Amino acid sequence: MFDNGYSGFQFCGIFVQRQLEEPTTVSNLWNYLAFVAFVVVSALIPIRKRLCSRKVKTKEDYVFGAGHISMLAMMLSIARGTLGVISVLGYPSEFFYRGTAMWETLYGMMTAYPIVCFVFIPVYFDLGITSVYQYLELRFNSRLVRCLASGTYILRTLLSLGVTIYTPTVALNTIIGVPYWASLLCITCISIFFNALGGMKAAVAADVIQSLSMTAMLVGIVIYCCVKSGGVDQVVAIGAQAGRMNFFNFAADLHLRVTTTSAWLGELFMSLSLLGCQQNFVQRYLSMPTLRKIRQTMLVNIPLVAVLFSLPWLVGMGIFALYYTCDPLKAGNIEKMDQILPYFIMDYFSKVPGVWGLFVGTLFNGALTLNISNINSLATVTWEDFLSLLPGFRKKADSYQLTVIKLVGTIYAILILGVGFLVGLLSGVIESSVLVLSATSGPLLGVFILAMFVPFANWKGAALGMLVSHGVTVWIVTGRMMYVEVYDSLLSTSIEGCVGDAPFLTNSTSYIVVDQMSRIMPMAVQGDSFLYRIYSVSYMYYGVFGTILTVAVGLVFSLATWSSVDAYNTKMLHPAVRWLHERSPFGGKRFGSFDVNKGDKLPPSAKVVVVSNLTVKDSGKS
């Protein structure tokens, strides 16, 4: 579902020397037309009603879609992350060169959905909040904790979107010849236009179109590969005989790149952080009218997510069945393993009018819709968690708030454009940013666990827990990038079936050998040292360690610093925890908690404010 460390901006830099026969001018024309038509139509359909209507959109309609989004559309929008551009391009190459080990991250995703459905959503639903991070301020009575969480989300999303929008621009530059800066400007301009006229409903519609188009493309590739290889059974047999079906590896070594344990556990914590604590997902849940509808959508979505996530892996199996005797990477036809899918499209469909145009258009539109969808959430979080708290923006009219949110969305689109340019200028930034993104999951999930499940947690413990967790995980990530290059072994491939000359075979092979030798050599830290073993821990565990560290530090510091001013409304706890807390000998007044709705007397320092249908306290401190 989520990016797991692929070098996205290098995925389709196919060697000029290996360019297949140039398509005819007519064929190229059809590809250009297919690309432009697909992008334009898929961008205009979600906002067609807005273009033809003079009705003024309200803030509620813009942020939540005013409750008029169908269950099927919401399912596809939530599942949209399983078919991201990098996953579609990365998972086929992952199967080709490493097998199915990373596929087992699906276990973590499927485990996370019911947990989010029955544990996280019931807490949010009755609060009437617009930003999920507003909950943290209500629980801890601290703007600092709220701003730390929302700031983490904003930074993570900006870095991720910068990588995402850059990825298809290289495809356009390599296959069509469009300068990458022109593609970035095009994506940004469309995103700004869409942001001004769209909103949540339009973003969901764009997600639906992208999910359907990406699914259709992948299904078509799977069918073609099965027919070309002699059937599904032949595709599976070839992969199994070549040792690609490597399931259920429960090795306890934390330094292995991915095992069944790290795939399940690491993805579980990552998915809980994204699905349960990230604005763009929670914003979709809360746009639905009832809690029952949310639960139905989430639970029915599990098999849909499993199918969509598995599609790129089936594509990888099909491509491997066609190339298992002639590895394009070893033969020197591609530079990086992530180029295998674009190479396959050019190899088999370069003379079919419109095919590679639709392929590149689908990737371009995938980055575009993801950018649009997240700009909406980024703007909403910025308004609710930062701007609306400033004196000059308080108690403004609904139309004024909507205008500011759209303006903030435009600013974010420009910032993402800048990150995209930096991705193109700096070497190795994608691997680094992916590790940073993984490191942010733990602190974010940990602070929500403290808020929902730890009755005596206070804002001091929550803030310190997040800061310590961020510091430690960033230190480990930095150490990994600077001092330890962990070698990832690739499964064996063959070039015995290659037809014709492979003039770059010697250079390619020597490059791979030198690259692998350099990766296994420790730099400034010795391989048997304590620091080396910490730095070389698989990044799949970063979210797990970050969560545990946040909760542990938060627990200890909260107990050490608790005072009467930390009193809070027990309505903020998870219902099950609240029930146990009220009956526990350590609950109730021992930690100064109260329930306004039951008539409990408030602490002297507290004053009552009303947020939607929920009464909470606010002592006014940050």
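Refer to the structure printed above.
All values derive from a computational prediction rather than experimental measurement.

## Remarks on the overall build of the protein
Turning to step 1, where the next piece is worked out: Scanning the protein from terminus to terminus reveals 23 helices and 2 strands.
Turning to step 2, where the next piece is worked out: By residue count, 56% of the 622 residues in the protein fall in the buried class.
Turning to step 3, where the next piece is worked out: Long-range contacts, defined as pairs at least 24 residues apart, comprise 86% of the intrachain contacts of the protein with a sequence gap of at least 6.

## Re unusual backbone geometry
Turning to step 1, where the next piece is worked out: We note that Asn141 has phi near 55°; this positive angle belongs to a residue other than glycine.
Turning to step 2, where the next piece is worked out: Among the secondary structure elements, Asn141 is positioned in the loop between helix 7 (134-140) and helix 8 (143-176).
Turning to step 3, where the next piece is worked out: A residue is classified by how much of its surface remains accessible, and Asn141, at 4% relative accessible area, is buried.
Turning to step 4, where the next piece is worked out: The phi angle at Phe248 is positive, at roughly 55°, despite the residue not being glycine.
Turning to step 5, where the next piece is worked out: Along the polypeptide, Phe248 turns up in the loop between helix 11 (232-241) and helix 12 (260-277).
Turning to step 6, where the next piece is worked out: Looking at Phe248, the relative accessible area reads 57%, which means it is exposed.

## Some words on the state of the cysteines
Turning to step 1, where the next piece is worked out: Tallied over the entire structure, the rule returns 1 disulfide.
Turning to step 2, where the next piece is worked out: Between the sulfur of Cys326 and that of Cys498 lies a disulfide, 2.0 Å long from S to S. Taking the sign of the S-S torsion, 100° for the link of Cys326 and Cys498, the bridge is right-handed. Of this pair, Cys326 sits in the loop between helix 14 (291-323) and helix 15 (340-349) while Cys498 sits in the loop between helix 19 (459-483) and helix 20 (505-520), and the two are 172 residues apart along the sequence.
Turning to step 3, where the next piece is worked out: The exposure class assigned to Cys326 is buried, which follows from its relative accessible area of 16%.
Turning to step 4, where the next piece is worked out: Classification of Cys498 by relative accessible area gives partly exposed; the value is 23%.
Turning to step 5, where the next piece is worked out: For the unlinked cysteine Cys186, the closest cysteine sulfur is that of Cys189, found at 7.1 Å.
Turning to step 6, where the next piece is worked out: Of all cysteine sulfurs, the one in Cys225 lies closest to Cys226, which takes part in no disulfide; the gap is 7.0 Å.

## Details of the environment of Leu106
Turning to step 1, where the next piece is worked out: Mapped onto the secondary structure, Leu106 falls in helix 6 (residues 105-125).
Turning to step 2, where the next piece is worked out: Sequence separation between Leu106 and Ala263 is 157 residues, and the spatial gap between their C-alpha atoms is 8.0 Å.
Turning to step 3, where the next piece is worked out: Residues within four places of Leu106 in sequence aside, it is in contact with Val305, Ala306, Phe309 and Ser310.

## Quick notes on the packing of aromatic side chains
Turning to step 1, where the next piece is worked out: Inspection of the entire model under this criterion finds 28 aromatic pairs.
Turning to step 2, where the next piece is worked out: Relative to Phe448, the ring of Tyr124 has its centre 6.2 Å away and its plane inclined at 90°; by these criteria the two rings are edge-to-face. With a gap of 324 residues between them, Tyr124 in helix 6 and Phe448 in helix 18 (residues 429-453) connect regions that are remote in the sequence.
Turning to step 3, where the next piece is worked out: Exposure remark for Tyr124: the relative accessible area of 0% places this residue in the buried category.

## Some words on the packing of helix 6 against helix 13 (residues 279-286)
Turning to step 1, where the next piece is worked out: In contact at an axis separation of 11 Å, helix 6 and helix 13 are set at 75° when each is read in the N-to-C sense. The orientation of helix 6 relative to helix 13 falls into the category roughly perpendicular. From helix 6, Val116, Ile121, Tyr124 and Phe125 reach across to helix 13, where they touch Val282, Tyr285 and Leu286.
Turning to step 2, where the next piece is worked out: Of the residues that constitute the contact of helix 6 with helix 13, the class distribution is 7 nonpolar, no polar and no charged.

## Observations regarding the pattern of salt bridges
Turning to step 1, where the next piece is worked out: Enumeration according to the criterion identifies 5 salt bridges in this entry.
Turning to step 2, where the next piece is worked out: Arg146 serves as the salt-bridge partner of Glu137, at 2.3 Å between the closest nitrogen and oxygen. Residues Glu137 and Arg146 agree in their burial class; the two are buried.
Turning to step 3, where the next piece is worked out: For Asp566, the salt bridge goes to Lys460, with nearest N and O atoms at 3.1 Å. Of this pair, Asp566 sits in the loop between helix 22 (542-561) and helix 23 (575-583) while Lys460 sits in helix 19, and the two are 106 residues apart along the sequence.
Turning to step 4, where the next piece is worked out: If you follow the salt bridges from partner to partner, you end up with Glu137, Arg143, Arg146 and Asp385 in one network.

Analysis parameters
Residues numbered from 1 in each chain as written. Predicted model: local features only at pLDDT ≥ 70, side-chain atom pairs only at ≥ 80, totals over all residues. Heavy atoms only, no water. Helix = DSSP H or I, 4+ residues; strand = E, 2+ residues; numbered from the N terminus. Buried < 20%, exposed > 50% of the residue type's maximum accessible area, 1.4 Å probe, protein only. Contact = heavy atoms within 4.5 Å. Disulfide = S-S within 2.5 Å. Phe/Tyr/Trp six-rings, centres within 6.5 Å; stacked < 30°, edge-to-face > 60°. Axes fitted to C-alpha atoms, helices over the stretch in contact; angles between N-to-C directions. Parallel < 35°, antiparallel > 145°, perpendicular 65-115°, else oblique. Nonpolar A, V, L, I, M, F, W, Y, C, P; charged D, E, K, R; others polar. Salt bridge = Lys/Arg side-chain N within 4 Å of Asp/Glu carboxyl O.

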